Amino acid sequence: MAKELTSKSYIDHHLTNLTCGKTESVGWTCDHNYYDEMGFMAFHVDSITISILLGVAFVALFKLIKLNPADQKPTRMQNFVEMCVEFVNENIKSIFGSTDNKLIGPLALTVLIWVFFMNLMDLIPVDFLPELTKQVSYASGIVDDPNDAYFKFVPTTDPNITLGMALGVFILTIFYSIKIKGLGGFVAELTLHPFGKFAIPFNFALEIMQLLAKPLSLGLRLFGNLYAGEMIFILIALLMFFQSAVFGVLGLGLHLLWALFHILVVSLQAFIFMVLTILYLSMAHETGDH
Amino acid sequence: MNINATLISQALIFAVFVYICYKYIWPPILSTMEERENKMAAGLEAAKQADDSLEEAKLTYEKELKEAKEEAANIVEKANKRSSQILNDAKVKAEAEAEKIIESGSKKLENEANKTREELKQQLSSIVVETASKIIDEEIDEKKHENIIKKAAEEI
């Protein structure tokens, strides 16, 4: 029995992930009706799949291109790849000064390209992949109602994805803080600023908030920007409910305009995520007093 | 849209991709770039050196050209001097030769004239004798009057 298509159900459908998780009553399931029962043990299969695919695309793009040796003319793709590496290196140099940290370069490059690819998914028209999933899963009998088949195809509009990456950066920040300053130095940094040793609890409360705010803002900034962008696309798509040619053309025009503008957001947010990643790591390397 | 295990798995996937990039993607690209940078730096350095040596070669070339020109001018001047000298010598020699030829010519002429004169004297004396004998109808003894004839001839 198909539910009636309303603007609310349309939006809800677009904002729901394909989720598989463990429930008390039926064990492992991918049925969205048990979503609330899954609790923490749930995986957004769509976000994870797309992000892995895009990660593989990144690796393939940068690994499979032919690297001509230095005494030959570089290939076109090689120029592109080297341009990316150069860009990342320049940013690292401008933030870090100079560093012998071998991880920061690959980390920043991965963040830049991967996040950019994930953001880029936002430019695929909003209904293409969800509708395709609906039709395929209905036709293959996985679901009885096509509207029960969910597929959210922009990984960065899923806070789990952005916060997951932010968590990775956070762990690296902690790791390098302790590695560079020693455990004592790290603890001292958390407790002895800004008011000296007589206000340790207060200092700690302040500093731990500052510390935790970094990954949280890093992940939520990316999520917020992309989620809002996706939302606008969905809202523009709602113009189709008027069933009129005028609104159809209007919707098309708005889609085009927003997509053009969104190219900026897509690349800018990837860039910002990379710069902040480098910045947080460079702060972890700072040994001087604040 | 709850926070759930997706977050943990994404963090792990992130770590895996960063590791792949760190291990397999970043080093070859960076080393190629560095190698090319070094090669270009070496090339530029070589070009600069070539430029310098070109400049040096130009200077040497100009200096040598100048020297060669000076030498050539010297040689020409010397040659000119020598040729005028040779010309002068030849002139002097030719003049002397001409004088000599003229002198010998005039001497010869004089000799010839003297000879002719002598002959004429001889002939004249015989003509005089003949004429005189005809006039006085008498044979003049040439031997007798030889002195007279001679004197007469000399007076002519």
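Residues numbered from 1 in each chain as written. Chains lettered and ligands numbered in written order. Predicted model: local features only at pLDDT ≥ 70, side-chain atom pairs only at ≥ 80, totals over all residues.

Overview of the overall build of chain A
Now for step 1: Along chain A, the regular secondary structure elements total 9 helices and 3 strands.
Now for step 2: Beginning at the N terminus, the succession of helices and strands in chain A can be written as α-β-β-α-β-α-α-α-α-α-α-α.
Now for step 3: For chain A, the share of sequence-separated contacts (at least 6 apart) that also reach a separation of at least 24 residues comes to 66%. (Helix = DSSP H or I, 4+ residues; strand = E, 2+ residues; numbered from the N terminus. Contact = placed C-beta atoms within 7 Å.)

What to know about the overall build of chain B
Now for step 1: Scanning chain B from terminus to terminus reveals 2 helices and 0 strands.
Now for step 2: A compact globule built from 156 residues should have a C-alpha radius of gyration of about 15 Å, whereas chain B, at 61 Å, is more than 25% larger.
Now for step 3: By principal-axis analysis of the C-alpha atoms, chain B measures approximately 190 × 25 × 20 Å. (Rg over C-alpha atoms; globule rule 2.2 N^0.38 Å.)

Focus on the nonpolar core
Now for step 1: Residues Ala108, Leu109, Val111, Leu112, Trp114, Val115 and Phe273 of chain A are the most contacted members of the largest nonpolar core, which totals 58 residues.
Now for step 2: Sorting the residues of this core by element identifies helix H3 (45-64), helix H4 (76-96), helix H5 (104-120), helix H7 (159-191), helix H8 (200-237) and helix H9 (245-285) of chain A together with helix H1 (5-136) of chain B as the ones contributing at least two each.
Now for step 3: Of all the elements, H5 of chain A adds the most residues to this core, at 12 residues.
Now for step 4: If near-sequence neighbours (up to four positions away) are discounted, Leu109 of chain A is found in contact with Cys84, Val85 and Val88 of chain A together with Cys21 and Trp26 of chain B.
Now for step 5: With 6 residues, the next largest nonpolar core counts Met38, Ala42, Phe43 and Ile48 of chain A among its residues. (Core = buried A, V, L, I, M, F, W, Y, C linked by C-beta atoms within 7 Å. Buried ≥ 20, exposed ≤ 12 C-beta atoms within 10 Å, placed from the backbone.)

What about the confidence of the model for chain B?
Now for step 1: For chain B, per-residue confidence averages 89 on the pLDDT scale, and 93% of positions sit at 70 or higher.
Now for step 2: For this predicted complex, the interface score ipTM comes out at 0.89, alongside a pTM of 0.75. (pLDDT = per-residue confidence, 0-100.)

Overview of the interface of chain A and chain B
Now for step 1: Across the boundary between the two partners, chain A contributes 36 residues, which contact 28 residues of chain B.
Now for step 2: Among the elements of the structure, strand E3 (42-44), H3, H4, H5 and H7 of chain A are those that each provide at least two residues to the side of chain A that touches chain B.
Now for step 3: Residue classes in the side of chain A that touches chain B are distributed as 23 nonpolar, 9 polar and 4 charged. (Nonpolar A, V, L, I, M, F, W, Y, C, P; charged D, E, K, R; others polar.)

A few points about the sheet that holds strand E1 (residues 19-23) of chain A
All names here are of chain A.
Now for step 1: Reading across from one edge, E2-E1-E3 is the order of the 3 strands in this open sheet, with antiparallel pairing throughout. At either end of the open sheet lies a strand with only one pairing partner, and these are strand E2 (27-29) and E3. Taken pair by pair, the neighbouring strands of this sheet meet at an average axis angle of 5 degrees, ignoring direction.
Now for step 2: Judged from the 3 bridges that link them, E1 and E2 form a sheet pairing that is antiparallel. Across the sheet, the residue bridging to Lys22 is Trp28, located in E2. (Pairing = 2+ DSSP bridges. Axes fitted to C-alpha atoms, helices over the stretch in contact; angles between N-to-C directions.)

Some thoughts on the packing of H3 of chain A against H5 of chain A
Residue and element names in this part refer to chain A.
Now for step 1: Interaxial distance between H3 and H5 falls to 9 Å at its minimum, and their mutual angle equals 130 degrees. By the angle between their directions, the pair H3 and H5 is classed as oblique. Crossing of H3 over H5 shows right-handed handedness. Contact with H3, carried on its side by Ser51, Leu54, Gly55, Ala57 and Phe58, involves Ile113, Trp114, Phe117 and Met118 of H5 and no other residues of that element.
Now for step 2: Here the residues of the contact of H3 with H5 sort into 7 nonpolar, 2 polar and no charged. (Parallel < 35°, antiparallel > 145°, perpendicular 65-115°, else oblique. Left-handed = near helix turned anticlockwise from the far one by under 90°.)

Thoughts on the packing of H3 of chain A against H1 of chain B
Now for step 1: It is the contact of H3 of chain A with H1 of chain B, at a shortest axis distance of 11 Å, that shows an interaxial angle of 5 degrees. Here H1 of chain B runs roughly parallel to H3 of chain A, going by the angle between their axes. Touching Ser47, Ile48, Ser51, Ile52, Gly55, Val59, Phe62 and Lys63 of chain A of H3 of chain A are Thr6, Ser9, Gln10, Ile13, Phe17, Ile20, Tyr24 and Ile25 of chain B, all from H1 of chain B.
Now for step 2: Residue classes in the contact of H3 of chain A with H1 of chain B are distributed as 9 nonpolar, 6 polar and 1 charged.

So, the pairing of E1 of chain A
Residues and elements named next belong to chain A.
Now for step 1: Here 3 bridges tie E1 to E3, and the two strands are oriented antiparallel to one another. When the sheet's bridge partners are listed, Thr19 is paired in E3 with His44.
Now for step 2: Linking E1 to E2, which pair antiparallel, is a turn of 3 residues.

Details of the environment of Ser9 of chain A
Now for step 1: Along the chain, Ser9 of chain A falls in helix H1 (residues 7-14).
Now for step 2: Distance in space between the C-alpha atoms of Ser9 of chain A and Asn147 of chain A is 9.0 Å, their sequence separation being 138 residues.

Considering H3 of chain A
The α-helix winds at 3.6 residues per turn, so residues separated by three or four positions along the chain end up facing the same way.
Now for step 1: The end-to-end C-alpha distance of H3 of chain A, which contains 20 residues, comes to 27 Å, matching closely the 28 Å that a straight helix rising 1.5 Å per residue would cover.
Now for step 2: All of the buried residues in H3 of chain A are Asp46, Ser47, Ile48, Ile50, Ser51, Leu54, Gly55, Phe58 and Phe62 of chain A.
Now for step 3: Packing partners of the buried residues in H3 of chain A comprise E3, H4, H5 and H7 of chain A together with H1 of chain B. (Expected span 1.5 Å × (residues − 1).)

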